[in-house]
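A look at the structure
If you want the building blocks of each chain, they are given just below.
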Amino acid sequence: MANRIQKSVPMMMILPGLALAIAIIGYPIFDLGWTSMHDVSRFGKLTGFNGGENFAEVFVDPLFWESLWRTGIWTVAVVGGTLAISMPVAMILNDDFHGRGVARVIIMLPWAISLTMTAVVWRWALNGRAGLLNATLMNAGIIDQPIEWLATASTAFVVEILVGILVSIPFTTTILLGGLSSMPQDAYEAAVVDGASGWHQFRYITLPLMKPFINIAIVLNVIYVFNSLPIIWVMTEGGPANGTDILVTYLYKLAFRFGQLGKAAAISLVMFFVLLAFTMLYVALVSRNDRDDAAPEEEVKE
Amino acid sequence: MSSVTIRGVKKKYGAMAVLHGIDLEIRDREFVVLVGPSGCGKSTLLRMIAGLESISSGDILIGDRVVNDVPAKARDIAMVFQNYALYPHMSVYENMSFSLRLKRMAKEMIDRKVREAAEILNLSTYLERSPRQLSGGQRQRVAMGRALVRDAQVFLFDEPLSNLDAKLRVVMRTEIKALHQRLQTTSVYVTHDQIEAMTMADRIVVMNAGKIEQIGTPLELYDTPANLFVADFIGSPSMNFLRGTLEPGAVVLADGSRVPVETTGRGAAGQKVVFGIRPEHLSLSSDGTGLAAEVEVVEPTGANIQVYARVAGMPLCAVFTERHDFRPGQTIHLAWPGRNAHLFDAASGQRL
Amino acid sequence: MTTKLTRSLIYWALLSPLMVVILFPFGVMFVTAVRPREELFVYPPTWGFSEFRWENFSEMWVKTNFGGALLNSLYVSVAATVVALVLSIPAAYAMSRYRFAGKGAYRTFLLMTQMMSPIVLVLGLFRLMMSLGLVNDLNSLVLTYAAFNMAFTIWMLQSYFNSIPRDLEEAAWMDGASHLTSLVRIFLPLAVPAMVVTAIFTFINSWNEFVLALTMMRSSEDFTLPVQIYAQVAGRYQVEWHHVMAATVLATVPVAIMFSWLQRYLIRGMALGAVK
Ligand SMILES: Nc1ncnc2c1ncn2[C@@H]1O[C@H](COP(=O)(O)OP(=O)(O)OP(=O)(O)O)[C@@H](O)[C@H]1O
Ligand SMILES: [Mg+2]
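Residues numbered from 1 in each chain as written. Chains lettered and ligands numbered in written order. Predicted model: local features only at pLDDT ≥ 70, side-chain atom pairs only at ≥ 80, totals over all residues. Heavy atoms only, no water.

Under an unreviewed UniProt entry, chain C has the name Maltose/maltodextrin transport system permease protein MalG and belongs to Tabrizicola oligotrophica. On record in UniProt, under Sequence similarities (unreviewed entry), the comment for chain C is "Belongs to the binding-protein-dependent transport system permease family. MalFG subfamily." (UniProt positions renumbered as here; feature names shortened; annotations may be inferred.)

The name recorded for chain B in an unreviewed UniProt entry is sn-glycerol-3-phosphate ABC transporter ATP-binding protein UgpC, from Tabrizicola oligotrophica. Entered under Sequence similarities (unreviewed entry) in the UniProt record, the comment concerning chain B runs "Belongs to the ABC transporter superfamily."

Written out as structure tokens, the structure is:
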């Protein structure tokens, strides 16, 4: 009897949070699934079941395919660029040098600031007439005419990718730093004794040991970047002429600009399944890394 | 102070049985040491006495009271943890007085008890420090002090000395022993160090794989181990074992050599047996008779010489307190007092 | 062997381009926020300006209803942090101290919720809040922020709780403390640092959230800071950039300072936590 109560204690501790998560995160998924199979009025009223019509509509929409393609480029470019920069940065920050504390704080700074604010500032900095980027480049003699950075889709998209990389560096560097700081020092000492050069140490010790951290950094970044709305939304709103739309911006427009709720729900669902795939990958990676980190336990594993 | 009775106690984690029925009577004021190899269930048993682990079946009594369903806080037992478990956010004084404050004891009373305990443990000058600022040995003492102020029925110790260096371990061992002699609190002490067990215990409980192998005073275990496991576990270096076949008056080894031993009433001729003799009971036979052994390695420790040799292909160790000049390859002849020879059944491992 | 000094010089040289790019927007923000309105659009564009116009800040405060948005942001962030923590602490404690049926599944579920971004669910969430009558109600943000942050807070707290030795609580029980007493007098005091750090990160996340706030808050008096600032920029012919930048300065600098102070805990947490 007392045992039964004992056993329900952890459940009671978990339940309230679980209930909130199910209500706020679980329920909308089902609602999206339901909505995606109905005709929906502008005001969100379901007006009739239409089977897979919304999906069919999505799949013949050239804008969807363009956005999807661009989402791919956006994700690969931002994640790839971020990793390429973060790895050396993390290695530097992990080493001991004068002013490392300050350097860490500066590198981490973009993380503290909302993407929205960052994007607003960059939108102004990139202003074609008076933007201070133009001012800087003109002062330095690199250009002699101001450039309208955000006026053409192709340059705008490149700029957005660069900003995307910039704001992803702190988080990625943090994960990699976590990995580097847990690296066994004696492995390096052994390697030095064995005559390994700096490059060899990196290639044969750092990289293999860092692999789980790099993997997790990749997966998490892919998920975050894939989902990231504010940068593109604030800087160009997917324009000009849908030229910088990725799935999330297109989805948001469909839902809250054009009132095509059924179609938006269908895209949400497609995105949900893409995310789910990535999440599975992440879960697999994480659970491979920490089989069971819990403290000594009362009862044995089932 | 109180006795502790353990009756048919079993512990299962899911389907895995960890303790297979333990019966043990710990008398009032007794100092009992649970000893055994790692993973044999010592801590589990101790934690069941403490009330930190549920009892799968059987009964545990403190005094005459069955405490199976009594929570830890109501058992009036004090425990010293392996890692001391000092509350890091409290000073030494606060650590030691925590239990008394929970009991809402009067301030002056608490103060007196804490200072008394601190006096005994040489902690008086450290009372305001935080555990972080103490050495390992001092932390150990605070953990003891926390138990001391309680006037608990029973003290439990789970390998309290295993985090100390070898020298300090010996010192603390003596201190704990002295403390028990002074306070006479019933104590159960877990260790896997048989020397600790031998030096401290009134009685030793040797455990193996979730079962009790033997209960007895240190000398009982040393002189008459109940089986091969206990014989092997108690004593350092371990007892020598020579396998052979029983014949009247001797054990015959594989190469035909005969080891003389008293066999009346100890098994039947032709039985497979193990002959046991402790290294320190072997001596050189002056007349060239006795068991022939070929010397392999000689290790002088200063106080004595340990000789590792081979008899009929089986390893054998001998310890001599007098100095000898042995060379590897040399054959020596060994003798021993007959009363120190042990005989075990090879199949069951039980003493014959 | 290179000395520490030369190594430092090399490292700073290597890091400097990145630092310039990181600090550039801060420079833009400050320089624009304090310059006179007439000097926003000059040709050729320039960093220089004639005088510090500190009045920009007070003007901005009034014109953009900064105070209102600030209060909204504060309310939402504080309330979401409190809700998230109140729900996460027991859950993290259970995850760290008990073994129970469904623990693995729960852990996986948490990971999944951590991956689900608001944007994918935004339409479903909007419909949910509409049916609950919570659109235009800041509490809709409180609930959603709490829910979306919980995976992180539980994970962070759990990895810290794991590092608090279990035998401390056991020692307290032996000393005669009830489960509740040992929780209150032993466990929670030791967990305070973790709770503070977790709370601050939840606060910052909520403070910075954009998509949900943009979606759920339809009338301008309910806007949180990011939405309010965005609203000064989006779909306007005339953008008062000096006001916008003054607002971003006020909205970001306190958070940035708080974060700088805390980031080492985050690195430590990551090293301890799931990435381990
Ligand atoms: N929570 C648990 N779940 C499952 N098995 C456990 C648990 N706690 C202990 N065991 C198992 O029970 C057995 C006995 O453990 P116990 O800690 O009592 O050993 P011990 O004799 O104290 O060993 P040591 O000397 O290493 O401390 C071990 O095999 C251990 O793996
Ligand atoms: Mg143990």
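We are not done yet, so read on.
**Quick word on a nonpolar patch on the surface**
Residue and element names in this part refer to chain C. A cluster of nonpolar residues, Leu71, Leu74, Val78, Val82 and Val86, forms a patch on the protein surface that exposes about 430 Å² of accessible area. Within the secondary structure, valine 82 is located in helix H3 (residues 66-97). For valine 82, a relative accessible area of 46% gives the class partly exposed. (Patch = residues over 30% accessible without salt bridge, like charges linked within 9 Å, V, L, I, M, F, W, Y side chains within 5 Å. Areas by Shrake-Rupley, 256 points an atom, 1.4 Å probe, with all protein chains shown as cover. Salt bridge = Lys/Arg side-chain N within 4 Å of Asp/Glu carboxyl O. Helix = DSSP H or I, 4+ residues; strand = E, 2+ residues; numbered from the N terminus. Buried < 20%, exposed > 50% of the residue type's maximum accessible area, 1.4 Å probe, protein only.)

**Let's talk about the UniProt feature "domain: ABC transmembrane type-1" (unreviewed entry) in chain C**
According to UniProt, the "domain: ABC transmembrane type-1" (unreviewed entry) feature falls on residues 70-262 of chain C. Within the segment residues 70-262 of chain C, helix and strand shares are 81% and 0% respectively, and the terminal C-alpha atoms sit 22 Å apart.

**Thoughts on the domain arrangement of chain C**
All names here are of chain C. On domain assignment, one finds that chain C holds domain 1 (1-53) and domain 2 (66-272). Using only C-alpha atoms to locate each centre, domain 1 and domain 2 end up separated by 32 Å. At the junction of the two partners, domain 1 supplies 8 residues and domain 2 supplies 10 residues. The largest contributions to the domain 1 side of the interface with domain 2 come from Met29, Ala33 and Arg37, which together make up 55% of the buried area. At the junction of domain 1 with domain 2, the criterion picks out 1 salt bridge. Between arginine 37 and glutamate 240 there is a salt bridge, and its shortest N-O distance comes to 2.7 Å. Between domain 1 and domain 2 we count 1 residue pair in polar contact (both at pLDDT 80 or more) in total. When grouped by side-chain class, the residues that make up the side of domain 1 that touches domain 2 number 5 nonpolar, 1 polar and 2 charged. (Domains from an automatic or database assignment. Contact = heavy atoms within 4.5 Å. Buried area = accessible area lost by both parts, 1.4 Å probe. Polar contact = N/O pair within 3.5 Å; in protein donor to acceptor, adjacent residues only side chain to side chain. Nonpolar A, V, L, I, M, F, W, Y, C, P; charged D, E, K, R; others polar.)

**Brief notes about the packing of aromatic side chains**
Under the counting rule described, the total for this entry stands at 35 aromatic pairs over all chains. A centroid spacing of 5.1 Å and a plane angle of 75° characterise the contact between Phe64(A) and Trp65(A), whose relative ring orientation is edge-to-face. Residues Phe152(C) and Trp155(C) carry aromatic rings whose centres are separated by 5.9 Å and whose planes lie at 55° to one another, so their mutual orientation is tilted. With Phe152(C) and Trp155(C) both in helix H6 (residues 138-162) and 3 residues apart, this pair spans about one turn of that helix. Under the relative-accessibility criterion, Trp155(C) is labelled buried at 18%. (Phe/Tyr/Trp six-rings, centres within 6.5 Å; stacked < 30°, edge-to-face > 60°.)

**Comments concerning the domain arrangement of chain B**
All names here are of chain B. Domain boundaries in chain B define domain 1 (4-232) and domain 2 (240-345). For domain 1 versus domain 2, the separation of C-alpha centres amounts to 39 Å. Counting from both sides, the interface comprises 8 residues of domain 1 and, opposite them, 7 residues of domain 2. Here domain 1 meets domain 2 over a buried area of about 680 Å², counting both sides, of which 62% is carbon and sulfur. For the pair domain 1 and domain 2, the interface holds 0 salt bridges. One can count 2 residue pairs in polar contact (both at pLDDT 80 or more) joining domain 1 with domain 2. At the level of elements, helix H7 (218-223) and helix H8 (228-233) are the ones that each hand at least two residues to the side of domain 1 that touches domain 2.

**Points about the interface of chain C and chain A**
Listed as interface residues are 105 residues of chain C and, on the opposing side, 114 residues of chain A. Each partner contributes to the roughly 9,900 Å² buried at the junction of chain C and chain A, and carbon and sulfur atoms together form 75% of this total. Here chain C and chain A share 2 salt bridges between them. In this structure, the salt-bridge partner of Asp31(A) is Arg127(C), at a minimum N-O distance of 2.7 Å. Summed over the shared surface of chain C and chain A, the result is 15 residue pairs in polar contact (both at pLDDT 80 or more). The dominant element in the side of chain C that touches chain A, judged by the number of residues it contributes, is helix H1 (residues 4-33) of chain C, at 20 residues. For the side of chain C that touches chain A, the residue count by class is 77 nonpolar, 17 polar and 11 charged.

**Some points on helix H4 (residues 136-148) of chain B**
For H4(B), which comprises 13 residues, the first-to-last C-alpha distance of 18 Å matches the rise-based estimate of 18 Å (1.5 Å per residue) to within 8%. Considered for burial, the residues of H4(B) that qualify are Gly137(B), Gln138(B), Gln140(B), Arg141(B), Val142(B), Ala143(B), Met144(B), Gly145(B), Arg146(B), Ala147(B) and Leu148(B). For H4(B), the secondary structure elements touched by its buried residues are strand E6 (77-80), helix H2 (92-102), helix H3 (107-120), strand E7 (154-158) and helix H5 (166-183) of chain B together with helix H7 (166-174) of chain C. (Expected span 1.5 Å × (residues − 1).)

**Let's talk about the pairing of strand E14 (residues 272-277) of chain B**
On a regular strand, one side chain projects to one face of the sheet and the next to the other, so that they alternate. Residues and elements named next belong to chain B. Of all 6 residues in E14, 5 are buried; the element is thus mostly enclosed. By the bridge criterion, 6 bridges tie strand E11 (residues 240-247) to E14 in an arrangement that is antiparallel. Across the sheet, the residue bridging to asparagine 240 is isoleucine 277, located in E14. (Pairing = 2+ DSSP bridges.)

**Here we look at the UniProt feature "transmembrane region" (unreviewed entry) in chain C**
All names here are of chain C. In this structure's numbering, the residues bearing the UniProt feature "transmembrane region" (unreviewed entry) are residues 9-34, 74-96, 108-130, 142-161, 182-204 and 241-262. Helix makes up 100% of residues 74-96 and strand makes up 0%, while its end C-alpha atoms are separated by 31 Å. End-to-end, the C-alpha atoms of residues 142-161 are 26 Å apart, and along that stretch the chain is 100% helix and 0% strand.

**Quick word on the sheet that holds strand E8 (residues 186-191) of chain B**
All names here are of chain B. If you trace the 6 strands from one edge of the open sheet to the other, you get E6-E7-E8-E3-E9-E10, paired in mixed fashion. Edge strands, defined here as strands with exactly one partner in the open sheet, are E6 and strand E10 (211-216). In this sheet, adjacent strand axes meet at a mean angle of 20° when their direction is disregarded. Examined bridge by bridge, strand E3 (residues 31-35) and strand E9 (residues 203-208) share 4 bridges and lie parallel to one another. For valine 35, the partnering residue across the bridge sits in E9 and is valine 206. Against the sheet, H4 touches E6 and E7, its axis set at about 180° to E6. (Axes fitted to C-alpha atoms, helices over the stretch in contact; angles between N-to-C directions.)

**Some points on the pairing of strand E4 (residues 57-62) of chain B**
All names here are of chain B. Bridge analysis of strand E1 (residues 4-13) against E4 gives 5 bridges, and the strand direction is antiparallel. Each residue of the ladder has a partner; that of valine 4, found in E4, is isoleucine 62. Pairing of E4 with strand E5 (residues 65-66) involves 2 bridges; the strand directions are antiparallel. Bridge pairing in E5 places isoleucine 62 opposite arginine 65. Turn length for the E4-E5 hairpin, with the two strands adjacent in sequence and antiparallel, is 2 residues, and the turn residue glycine 63 shows positive phi of about 65°.

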